[in-house]
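If you want the building blocks of each chain, they are given just below.
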Amino acid sequence: GAGVSQSPSNKVTEKGKDVELRCDPISGHTALYWYRQSLGQGLEFLIYFQGNSAPDKSGLPSDRFSAERTGGSVSTLTIQRTQQEDSAVYLCASSSTLATDTQYFGPGTRLTVL
Amino acid sequence: GENVEQHPSTLSVQEGDSAVIKCTYSDSASNYFPWYKQELGKRPQLIIDIRSNVGEKKDQRIAVTLNKTAKHFSLHITETQPEDSAVYFCAASGTGANNLFFGTGTRLTVIP
């Protein structure tokens, strides 16, 4: 079946602009995660959605970052007033229910802030 | 919270030799330890995982060992091939956790 998809694959923006990144999880997966991967670094947790529960936003680095998950499926990560340090690959993952279920990753969105 | 450390950061081996990557974790409540392989420009893909009720798991040329007492786990790749060249990430999570905690990655290069 279809895996996790993300769009766009690449996004170049100017400092101060807002960007929206999209994630389509695997159908039927109730858990959805956003991670950030900076150049040569590991994956940094940003936010977690589980069904209709309130999201765990504990990993968001600043209040410029927000995310939504509509209808328990598609998720959008929004970064307002982008800064150069926001440049990274943003990865979305989904799992059937729990963080300890296999997490399947999307291809990522490479964000470059000029 | 959980802290995962991974060593070495880079590893070069001759084709056919074995490669070992080691990780330690800090939270004794962690009970799930996956390993991901990420090729250049690609998404991370799960290659093997282990849960705390076992000490070792093997899948063809890949094996993972877990020492809960010492809080460390290792990835072993035998008979390495050039297509094993990639960045490998270890991770940890546990009951009640909402995410995976990742190590900083090991860049493995297999020299033909």
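Student: Sorry if this is basic, but what is going on with the sheet that holds strand S3 (residues 19-24) of chain A here?
Tutor: Paired through backbone hydrogen bonds, the strands of a sheet run either parallel or antiparallel to each other. Residues and elements named next belong to chain A. Taken in spatial order, the four strands of this open sheet run S1-S3-S7-S6, and their pairing is antiparallel. For this open sheet the edge positions go to strand S1 (5-7) and strand S6 (65-69), each flanked by a neighbour on one side alone. Taking the axes of each pair of neighbouring strands and ignoring which way they run, one obtains an average angle of 15 degrees across the sheet. Pairing analysis gives five bridges linking S6 to strand S7 (residues 75-79), with the strands arranged antiparallel.

Student: Can you walk me through the state of the cysteines in this structure?
Tutor: Disulfides are covalent bonds that link the sulfur atoms of two cysteine residues. One pass over the full model with this rule turns up two disulfides over all chains. Between the sulfur atoms of Cys23(A) and its disulfide partner Cys92(A) the distance amounts to 1.9 Å. Taking the sign of the torsion about the S-S bond as the criterion, the disulfide between Cys23(A) and Cys92(A), at about -60 degrees, is left-handed. Residue Cys23(A) is located in strand S3, and its partner Cys92(A) is located in strand S8 (residues 88-95); the two are separated by 69 residues in the primary sequence. The class of Cys23(A) is buried, set by a relative accessible area of 0%. A disulfide bridge connects Cys23(B) with Cys90(B), and the sulfur atoms are separated by 1.9 Å. In this structure the cystine formed by Cys23(B) and Cys90(B) twists about its S-S bond by roughly -100 degrees; its chirality is therefore left-handed. With a gap of 67 residues between them, Cys23(B) in strand S3 (residues 19-25) and Cys90(B) in strand S9 (residues 86-94) connect regions that are remote in the sequence.

Each value, and the rule that gives it
- Residues numbered from 1 in each chain as written.
- Chains lettered and ligands numbered in written order.
- Predicted model: local features only at pLDDT ≥ 70, side-chain atom pairs only at ≥ 80, totals over all residues.
- Heavy atoms only, no water.
- Pairing = 2+ DSSP bridges.
- Helix = DSSP H or I, 4+ residues; strand = E, 2+ residues; numbered from the N terminus.
- Axes fitted to C-alpha atoms, helices over the stretch in contact; angles between N-to-C directions.
- Disulfide = S-S within 2.5 Å.
- Buried < 20%, exposed > 50% of the residue type's maximum accessible area, 1.4 Å probe, protein only.

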